[in-house]
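# Tertiary structure, described
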Amino acid sequence: MFESLIGLVAIIALFVIISRQQSRIGLVERELGALRSLVLSGALPPAAKSSEQAAPVGTPADVAPAEAAAADIVPPVVSEAATAQAPATETEAPTDEVVSGPWAAAEAALKAAEPVAPTAAPKAARQTDVETALGTRWAVWVGGIALALGGLFLIRYTIEAGIFGPGVRLTMAAVLGLILIAGGEFIRRTGFKVPVQGAAGAYIPAILTAAGAFILFGTVYAAHGIYGFIGPALAFTLLGAIGVATIAAALVHGQALAGIGLVGAMVTPVLVASQAPNPWALFGYLAIVLAATGVIARMRDWKLLMAAAFFGTGVWTILYMTDAPGANLSAILFIDAVTLAVLALVWLARRGDETGPARAFDWPSIVPGLFVAFSALGLSVDPVFAAAGYALPGAVILAAMVAVALYRPLALPLLYAAGLVTVLIYLGIIPPTSIVSDFSGGALSVDGLPVATSNALTLRIGIALGLVFIGAGFWAARRFAGGMEIRAASWAAWGVVVPLVILLALWFTFGNLDRDFVYAAAAVLLIVVFAAGGEWIARAEEPPLNGGIAVSFAVGGAAIAGLLLLHMAFDSGWTTILLGAAAIVPALATRWRSYPVLGWISVGAVIAVLGRAAFDPTIVGAEFLSTTPVFNWLLPGYGVPALAFGFAAWQLARTTNGRPRLAMEAAAALFALLTLAMLVRHAMHGGVIDTGAMTLAEQAIYTLIAIGAGAILVAIDMRSPSSVLRYGSMAAGVVSVAFIIIRHFVVLNPLFTDESTGRIPVFNLLFLAYLLPAIAAGGLALYARDKRPKWYAQMLALVAAVLAFAYATLSVRRLFKGEFIGLWSGLGQLETYTYSALWLVIGVALLTAGVWLKSQVLRIASAALIAIAVLKVFIFDMSELEGVLRALSFIGLGAVLIGIGLFYQRLLTRAAREG
């Protein structure tokens, strides 16, 4: 196990070092390509002058590779002008100059003697980079790892061979570690410089120090865990001291060494076991490591190191909390406080870019935000902690996170973490409606598993957290509204979302779901606060009253609070009606404020009313819906929203006139149709609209409504042009045609269903389902002829002709069969002949109408119908009819065809004369 741990640490260290150096190599290659491109184009880059200057002795190890690579690029081809300006560059190099390796001189002589093609330069550069990496950087890295592993393997060998005793072996290992550390420090202090381009990344002092620290870690652990020479307290202290010292040494040796020290410091509590663990010793030690790492990371701006330190501390905190109920609350609060203090007072202390637009947040702060918020969640949700009353300290932690985010703007992830955890806590107290809940002991449980606690303390904590988020959110949103829109929007969003979720959860848990005026009053208070807060934020915008994202969140939160108010204070019917009427309020507000969100709030009211109508189409419930036709809850439930949406569209057209206006127009038309349709269904089914199969008569009324809606939308569009009205009118026509084809002709056709057509001779089901829709479709086709696309009017005209044909044919069928005209009742000879004559008459009538109206589609329909009649006479009538009926059928057909021929000849003659 010990060897596996050593190998894992070595692999991680090697991966970090290699990743870091590869990024530097990529930077050097990009700069090399850019400079060579400039040289080949004939312009000498200003960076060429830096080749005459030596790299400063005090240059940090992290910066030296990039500076050396940028300074030591020798272009393969130099123009004559460039050669004249810098002759010393080609003749000799200063003594302090960093050159490109031992092979650079020979290559420079060859390039001076023979011109090199430009395409060969990248290949030579890649070859040089590979040789430099293999001969310098990789050799040093692997050598350092080999030193560390070699020391540990030497200890193992002495154990297996029995050459030395345990004490001597451990002493030798410790001496080896100290020698490596001392050797690294000696080389650094003697002014060690790397004379090869790019090899400064393989910083030998840092690698020797890391190898020594690694060996010391293993030595102390073996002295405690394997041989028992030292106790847990001394081992803990020594390992921690080595880790902190290694992190401190990183100030002069680089971030990689700090990472090694941090890993050793974080795994020390695992390596040192104790029979009676003390949480204060653990978290005191973690606090020291975290603070020391924070100071060093802040001095060098090492974000990855800081995030790793927060991660290690957070993991230890969560692991300790899993030991409930044995966990010490004071220790948890202590380490959370230290984490927030290190973040606010050390890592983010007076950063110059806190208020600048370049950075919205500091990404290492995501890590402490997640872990600290998760610990607060555990204190509030875990049944053991909640039963002990730890929910209040958990709320204090959340409030502290908000305070730190307010104090350090770059710690914005803390706000998101605190808001998300608060939402999760209060969504967890809502009783599930589909699961039987057991509130015994004050805890909500599902299948015996506690979910959250709902008691008076939860109520008071929710109110307090809501006030914290409202106050901090709106104050910070106003503070950042002038220049940092995203940050202001984040604060405004959580200042709205958290109070709304808390109000909803408390109402579901403690309130009366039917009607609760106390929570309705709280909703009214939120409406006022959010609306006033949005106005307060808007006045701080630049330009003022622009209505940005932060203002949109605030005003939108007021709208959602209004939605909750209606559900809390009114019953189902009045909620739907008032919710539809409420769409007028934001539309009217656009007279004074041109906030873009106002129009979309009206659209949100449409969505809310649609949701309620889909959930309960009867508006008030089927048991409370009156059977009185027309004058029942359906009329105001659908009609009032239709009128309100229409007024809102009219108002928006005169103020903002954007997409919300189009959506409100569509909603007004939709609810007008729904009003008529629901009233028709109510009347057709005796006051019940959610049971019973649809009849042809009911479908006919829906079809007439759709056709009429199309005509109304066309008329309105002619007065007030709108894309919604234009496409909505065509959509209504297409829907009506679909109804006719699918339901009138196929599904509900009395010829197939044998439904009663009524006892009245003329005004019967056929009149309602076929003749009236034919007249309506024909009228709409004629009205939309020059106002809509040609295909639309032709489609309606064709459907009107087919409907008229169906009405006439089915009326003949009813004349012969009576009230029930099912197809299976057979055909008589006179009935068969009558169809032929009727179809010919209708064909002639369609031809006449097509010529008179100059409609090609009607003329084509007449031709198709006459062709069908011809086929029927020659195929069906010849075999089925007998005697005089057969003769009359052919005589009538011939007379009609001759008459049509004469008619067309006359038309052609008239056209020729006019031509």
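Please read these numbers as outputs of a predicted model, since none were measured by experiment.

### Some words on the overall build of the protein
Per the secondary structure count, the protein includes 34 helices and two strands. Looking at the protein as a whole, 45% of its 915 residues qualify as buried. If you take every contact in the protein between residues at least 6 apart in sequence, the share linking residues at least 24 apart comes to 73%. Per element, the accessible surface of the protein, about 43,700 Å² overall, is 71% carbon and sulfur.

### Topic: the packing of helix α18 (residues 456-480) against helix α19 (residues 485-510)
Between two packed helices, the angle of one axis relative to the other and the distance separating the axes together describe the packing. Put simply, α18 and α19 touch, their axes get as near as 8 Å, and they point 160 degrees apart. By the criterion of interaxial angle, the relationship of α18 to α19 is roughly antiparallel. When you trace α18 past α19, the crossing you get is left-handed. Of the residues contributing to the contact of α18 with α19, the split by class is 19 nonpolar, four polar and two charged.

### Quick notes on the nonpolar core
Counting 106 residues, the largest nonpolar core has Met-401, Tyr-426 and Trp-491 as the members making the most contacts within it. Leave out the neighbours within four places in its chain, and Trp-491 touches Val-402, Ala-405, Leu-406, Leu-412, Leu-415, Ala-472, Gly-473, Ala-476, Ala-477 and Phe-480. Counting 45 residues, the second largest nonpolar core, distinct from the first, contains Ala-784, Tyr-792, Leu-803 and Trp-839.

### Side note on a nonpolar patch on the surface
Where nonpolar side chains cluster on the molecular surface, the patch consists of Leu-304, Phe-361, Trp-363, Ile-366 and Leu-370 and spans about 490 Å² of accessible area. For Ile-366, the position within the fold is in helix α14 (residues 366-381). What makes Ile-366 partly exposed here is its relative accessible area of 36%.

### Observations concerning the pattern of salt bridges
Counted under the stated rule, the structure contains seven salt bridges. In this structure, Arg-661 and Glu-665 form a salt bridge, with 2.9 Å as the shortest nitrogen-oxygen distance. In this pair, Arg-661 and Glu-665 both sit in helix α26 (residues 659-684), four residues apart, roughly one turn of the helix. Judged by relative accessible area, which is 12%, Glu-665 ranks as buried. A salt bridge links Arg-788 to Asp-717, with the nearest nitrogen and oxygen atoms 3.1 Å apart. With Arg-788 in the loop between α30 (765-783) and α31 (790-817) and Asp-717 in helix α27 (residues 696-719), this residue pair connects regions lying 71 residues apart in the sequence.

### Points about the packing of aromatic side chains
The full count for this structure, using the stated rule, is 14 aromatic pairs. On the numbers, 6.0 Å between centres and 90 degrees between planes, the contact of Trp-574 with Trp-633 is edge-to-face. Taken as a pair, Trp-574 in helix α22 (residues 572-581) and Trp-633 in the loop between α24 (596-615) and α25 (634-653) lie far apart in primary sequence, 59 residues in all. Here Trp-574 falls in the partly exposed class, since its relative accessible area comes to 43%. Three or more aromatic residues joined by ring pairs form one cluster here, namely Tyr-638, Phe-645 and Phe-671. Across from the ring centre of Phe-480, 5.2 Å away, lies the NZ or CZ of Arg-487, which sits over that ring. Across from the ring centre of Tyr-783, 4.3 Å away, lies the NZ or CZ of Lys-787, which sits over that ring.

### Comments concerning unusual backbone geometry
With an omega of 0 degrees, the peptide bond between Glu-542 and Pro-543 qualifies as cis. Its place among the elements puts Pro-543 in the loop between α20 (517-538) and α21 (549-569). Positive phi outside glycine occurs at Leu-545, with the angle close to 55 degrees. Locating Leu-545 in the fold gives a position in the loop between α20 and α21. Backbone geometry at Ile-619 places phi at a positive 70 degrees, although glycine is not the residue there. Note on placement: Ile-619 falls in the loop between α24 and α25.

### A look at helix α28 (residues 723-747)
Taking 1.5 Å of rise per residue, 25 residues should cover 36 Å, and α28 covers 34 Å from first to last C-alpha, within 8% of that figure. Leu-725, Ser-729, Met-730, Ala-732, Gly-733, Ser-736, Val-737, Ile-740, His-744 and Phe-745 are the residues of α28 that are buried. If you follow the buried residues of α28, they end up packed against α26, α27, α29 (750-753), α30 and α31.

### What about the side chain of Asn-632?
Tracing the backbone through its elements, the reader meets Asn-632 in the loop between α24 and α25. Residue Asn-632 is classed as buried on the basis of its relative accessible area of 7%. Within the local environment of Asn-632, its side chain forms a polar contact with the side chain of His-682, the two groups lying 3.4 Å apart.

### Describing the packing of helix α11 (residues 279-300) against helix α13 (residues 329-347)
One can describe the packing of α11 onto α13 by two numbers: an axis separation of 10 Å at closest approach and a directional angle of 5 degrees. The angle between the axes of α11 and α13 places the two elements in the roughly parallel class. Note on element contacts: α13 touches α11 through Ser-330, Ala-331, Phe-334, Ile-335, Val-338, Thr-339, Val-342, Val-346 and Trp-347, opposite Pro-279, Trp-280, Phe-283, Gly-284, Leu-286, Ala-287, Leu-290, Ala-291, Gly-294, Val-295, Ala-297 and Arg-298. Its residues assigned to classes, the contact of α11 with α13 comprises 16 nonpolar, four polar and one charged.

### Things to note about the confidence of the model for the protein
For any part of a model where pLDDT is low, the fine detail of the predicted coordinates should not be relied upon. When pLDDT is averaged along the protein, the result is 75, and 64% of the positions lie at 70 or above. For the stretch residues 1-18, pLDDT sits under 50, and the model shows 14 contacts to residues farther than four places along the chain or on other chains. A low-confidence stretch, residues 130-139 stays under pLDDT 50, and its non-local contacts, those more than four residues away or across chains, total 20 contacts.

### What to know about the side chain of Ser-729
Looking at the secondary structure, you find Ser-729 in helix α28. In this structure the side chain of Ser-729 is engaged in a polar contact, spanning 2.6 Å, whose partner is the backbone oxygen of Arg-726. A distance of 3.0 Å separates a polar atom in the side chain of Ser-729 from a polar atom in the side chain of Arg-788. Not counting chain neighbours up to four residues away, the residues in contact with Ser-729 comprise Gly-710, Leu-713, Val-714, Arg-788 and Tyr-792.

Rules and cut-offs
Residues numbered from 1 in each chain as written. Predicted model: local features only at pLDDT ≥ 70, side-chain atom pairs only at ≥ 80, totals over all residues. Heavy atoms only, no water. Helix = DSSP H or I, 4+ residues; strand = E, 2+ residues; numbered from the N terminus. Buried < 20%, exposed > 50% of the residue type's maximum accessible area, 1.4 Å probe, protein only. Contact = heavy atoms within 4.5 Å. Areas by Shrake-Rupley, 256 points an atom, 1.4 Å probe, with all protein chains shown as cover. Axes fitted to C-alpha atoms, helices over the stretch in contact; angles between N-to-C directions. Parallel < 35°, antiparallel > 145°, perpendicular 65-115°, else oblique. Left-handed = near helix turned anticlockwise from the far one by under 90°. Nonpolar A, V, L, I, M, F, W, Y, C, P; charged D, E, K, R; others polar. Core = buried A, V, L, I, M, F, W, Y, C linked by side-chain atoms within 4.5 Å. Patch = residues over 30% accessible without salt bridge, like charges linked within 9 Å, V, L, I, M, F, W, Y side chains within 5 Å. Salt bridge = Lys/Arg side-chain N within 4 Å of Asp/Glu carboxyl O. Phe/Tyr/Trp six-rings, centres within 6.5 Å; stacked < 30°, edge-to-face > 60°. Lys NZ or Arg CZ within 6 Å of the ring centre and 35° of its normal. Expected span 1.5 Å × (residues − 1). Polar contact = N/O pair within 3.5 Å; in protein donor to acceptor, adjacent residues only side chain to side chain. pLDDT = per-residue confidence, 0-100.

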